[in-house]
Amino acid sequence: AAPEGESSQVTSAGFTVATGILAISPAFTAATASGDTLLLLPGGLHIDEYLDAINDVQRNCYVPRYIPASLVTDGDMETSGATNWTTIGTMTTKEKVVTAAHVMFGTQALHGVTGAVNSGVRTASIPAAAGRNWLLSVGLRVITGTVTVAAYDATASANISPTATCGEQMHTEVRFIFTVPTSSENIQVRLTTANASDEFFVSYVSLLPQDLAILDLPSQIADARDLESVLYLPLGTSLTTSYNYMLKSEGLVPYGWQPLRDWTGVNAQRVVVSTPISYPLFYAFRAPAAVLTALGGTTVVPEDVVVQGALAQLCKKLADKTKDNSFLGRASRHSFYYGELLDRYQLARPTVRSQGQRRVSVSPM
């Protein structure tokens, strides 16, 4: 097959009407074969120019996203791969999946299949002050067997009470509040099964101390002004097992928050939230769509937005190459439609929002 990425040209003289064959010049360095995919792009533009135009649209479309707040590394499951989840015992499968049926929030879920009893995964250790209350919320689907969710005292190597067991195949939230033991300095979250070959999916693990008011924003939120809201998840319908709740039975509700931006600080993007934190919190924000590595890639941006935005840029390139000003008129029309579509789908970059002032009474000294 011809090497991937090669390009050539077809002129009107190179098309044979009787056979429907297109003659290209120059020839590929190797003959094409059955199954090869060829793109016929009009206008004398290189394939890279098409890709650049599409990616410019991708970078300027700010798509809505929701991910949980958590002190757990990869608690939102957005990191590629499962290296942040340490194996306990024996796991025959430990991977990230993107299947819609298993992902409740974000783009991925952690998929685990155990290979022995008392096996599963755990988080990295997190420093924790003794005697403080923490809120743990885990989104689970258990396909086979049961999963025990536990906060773990890494200092004393013991589970912290309470623990919860989930065996529901539907999307379920396991939620409880625990107190860090007086002798503990580090805690973990552990998900373990009682049997070999148990299978489960984890949508998220949210772990927050109830008295933590300043949260570092995750790397997905490059600028605090892209944060549209902080939301909390009310407690859902109780299930028969203790600390198990129906995950889809309640909607997300606005929560008190203020942005905190310090561009010269090591942690430049933060958010101040109301305390005590008695519910799992979620960030509602906008982020640029991912760029494509090839024209065969997929996008979450509506097709008509990509087409109109890319055509506006490509017509400008054609006007420059051909010196035909009629392409500038086409570019103007495509730019107009592109702007209208951005407004319709609300994909333009969020505008800076002013924060309301709060009056606070202060006792005279």
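Each remark here, short or long, concerns the structure printed above.
The sections below set out a description of the structure shown in this document. Being a predicted model, the structure only gives us computed values, none of them experimental.

One can find Gly-236 in the loop between strand E16 (227-232) and strand E17 (244-246). Judged by relative accessible area, which is 12%, Gly-236 ranks as buried. Between the alpha carbons of Gly-236 and Gly-265 there is a distance of 39 Å; along the sequence they are 29 residues apart. Discounting residues that sit within four places of it in the chain, Gly-236 has contacts with Tyr-245, Met-246, Ser-249 and Glu-250.

Take helix H3 (residues 326-345) next. Residue pairs three or four apart in sequence face the same way in an α-helix, which turns once every 3.6 residues. Its 20 residues give H3 an end-to-end C-alpha distance of 29 Å, which sits within 8% of 28 Å, the value for a rise of 1.5 Å per residue. If you check which residues of H3 are buried, you get Phe-327, Ala-331, His-334, Tyr-338, Leu-341 and Leu-342. Viewed end-on, H3 has its buried residues packed into an arc of 100°, placing them on one side of the element. Residues of H3 that are exposed and angled more than 90 degrees away from the buried face: Phe-336, Asp-343 and Arg-344. The secondary structure elements touched by the buried residues of H3 are helix H1 (47-59) and helix H2 (303-322). Among the residues trailing H3, Gln-346 stands out with phi positive, at a value near 55°.

Here we come to the sheet that holds strand E18 (residues 253-254). Read across the sheet, 4 strands follow the order E3-E21-E16-E18 without closing on themselves; strand pairing throughout is antiparallel. Of all strands in the sheet, those bounded by a partner on one side alone are strand E3 (62-68) and E18. The sheet contact formed by E3 and strand E21 (residues 281-288) spans 7 bridges and is antiparallel. Its bridge partner being in E21, Pro-64 is matched across the sheet by Arg-286.

The next thing to look at is unusual backbone geometry. At the junction of Ser-161 and Pro-162, the peptide bond is cis and its omega measures out at 0° in the coordinates. Looking at the element boundaries, Pro-162 is found in strand E11 (residues 158-166). For the bond from Thr-275 to Pro-276, the omega torsion is 0°, close enough to zero to count as cis. With respect to the helices, strands and loops of the structure, Pro-276 is situated in the loop between strand E20 (269-273) and E21. Although it is not a glycine, Asp-74 sits at a positive phi angle of roughly 65°. Along the chain, Asp-74 falls in the loop between E3 and strand E4 (86-88). Although it is not a glycine, Met-77 sits at a positive phi angle of roughly 65°.

Take the sheet that holds strand E9 (residues 133-144) next. Adjacent strands of a sheet form backbone hydrogen bonds with each other and so pair up, either parallel or antiparallel. Spatial ordering of the open sheet is given by E5-E6-E14-E9-E12-E17, a layout of 6 strands whose pairing is antiparallel. Looking at the sheet topology across the chains shown, the edges are occupied by strand E5 (91-97) and E17. Mean inter-strand twist for the sheet, computed between neighbouring axes without regard to direction, equals 30°.

A full pass over the atoms with the stated rule returns 13 salt bridges. Each of the salt bridges in this network shares a partner with another, and the network as a whole consists of Asp-223, Arg-225, Asp-226, Arg-261 and Arg-349.

This brings us to the environment of Val-307. Mapped onto the fold, Val-307 is located in helix H2. Val-307 gets classed as partly exposed once you look at its relative accessible area, which sits at 37%. Counting along the chain gives 67 residues from Val-307 to Thr-240, while the straight-line C-alpha distance between them is 50 Å.

Once that is clear, we can look at the environment of Asn-186. On the secondary structure map, Asn-186 appears in strand E13 (residues 186-193). Distance in space between the C-alpha atoms of Asn-186 and Ser-326 is 67 Å, their sequence separation being 140 residues. Not counting residues within four places of it along the chain, the set of residues in contact with Asn-186 comprises Ser-125, Ile-126, Pro-127, Ala-128, Tyr-152, Asp-153, Ala-154 and Thr-155.

Criteria and cut-off values
Residues numbered from 1 in each chain as written. Predicted model: local features only at pLDDT ≥ 70, side-chain atom pairs only at ≥ 80, totals over all residues. Heavy atoms only, no water. Helix = DSSP H or I, 4+ residues; strand = E, 2+ residues; numbered from the N terminus. Buried < 20%, exposed > 50% of the residue type's maximum accessible area, 1.4 Å probe, protein only. Contact = heavy atoms within 4.5 Å. Expected span 1.5 Å × (residues − 1). Arc of directions from axis to C-beta. Pairing = 2+ DSSP bridges. Axes fitted to C-alpha atoms, helices over the stretch in contact; angles between N-to-C directions. Salt bridge = Lys/Arg side-chain N within 4 Å of Asp/Glu carboxyl O.

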